[in-house]
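Structural overview
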Amino acid sequence: MDGMSGDRLVEVLATLASPHRLRVLAALTGGRAYVSQLARDLGISRALLQVHLKKLERAGLVTAQLELSADGKALKYYEVAPFSLQLTPDVVAAAAATLSPAGDGDAPPKKGTS
């Protein structure tokens, strides 16, 4: 994740800013798991887990692979994608220089609008 854009850094940090998603990543560091197994391990519903897994997958922090079990049941396995994130003032400054203005809630209003 070296040299990522500001928008990408914001996406990754926002994704990691959830206790549930941190727990999901922590659980997957022990190896891949399918949704039902992971939900049981974490003590959360499969529906809630699916929401968090989709966000993690969209951010590129986990990957998924569909496999058939011996009894023909389709199981979606998730695993942590290799990543490394080092935040330093220089990394933040470089990323900030590439932020797109769209969707920035802190941007000043445009002239002629309030």
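Rules used in this analysis
- Residues numbered from 1 in each chain as written.
- Predicted model: local features only at pLDDT ≥ 70, side-chain atom pairs only at ≥ 80, totals over all residues.
- Heavy atoms only, no water.
- Helix = DSSP H or I, 4+ residues; strand = E, 2+ residues; numbered from the N terminus.
- Buried < 20%, exposed > 50% of the residue type's maximum accessible area, 1.4 Å probe, protein only.
- Phe/Tyr/Trp six-rings, centres within 6.5 Å; stacked < 30°, edge-to-face > 60°.
- Lys NZ or Arg CZ within 6 Å of the ring centre and 35° of its normal.

Per an unreviewed UniProt entry, the recorded name for the chain is Transcriptional regulator, ArsR family, and the organism is Micromonospora rifamycinica.

Of note, Gly30 is situated in the loop between helix H2 (19–28) and strand E1 (33–34). Among the residues examined, Gly30 registers a relative accessible area of 74% and is labelled exposed. Separated by 49 residues in sequence, Gly30 and Glu79 place their C-alpha atoms 9.1 Å apart.

What follows is about the packing of aromatic side chains. All chains considered together, the criterion is met by one aromatic pair. Both rings, one in Tyr34 and one in Tyr77, keep their centres 5.6 Å apart while their planes meet at 75°; by these two values the pair is edge-to-face. You can see Tyr34 sitting in strand E1 and its partner Tyr77 sitting in strand E3 (residues 74–80), a full 43 residues away along the chain. Residue classification places Tyr34 among the partly exposed residues on the basis of a relative accessible area of 23%. On the basis of relative accessible area, Tyr77 is assigned to the buried category, the value being 18%. Directly above the ring of Tyr77 sits Arg32, whose terminal nitrogen or CZ lies 4.0 Å from the centroid.

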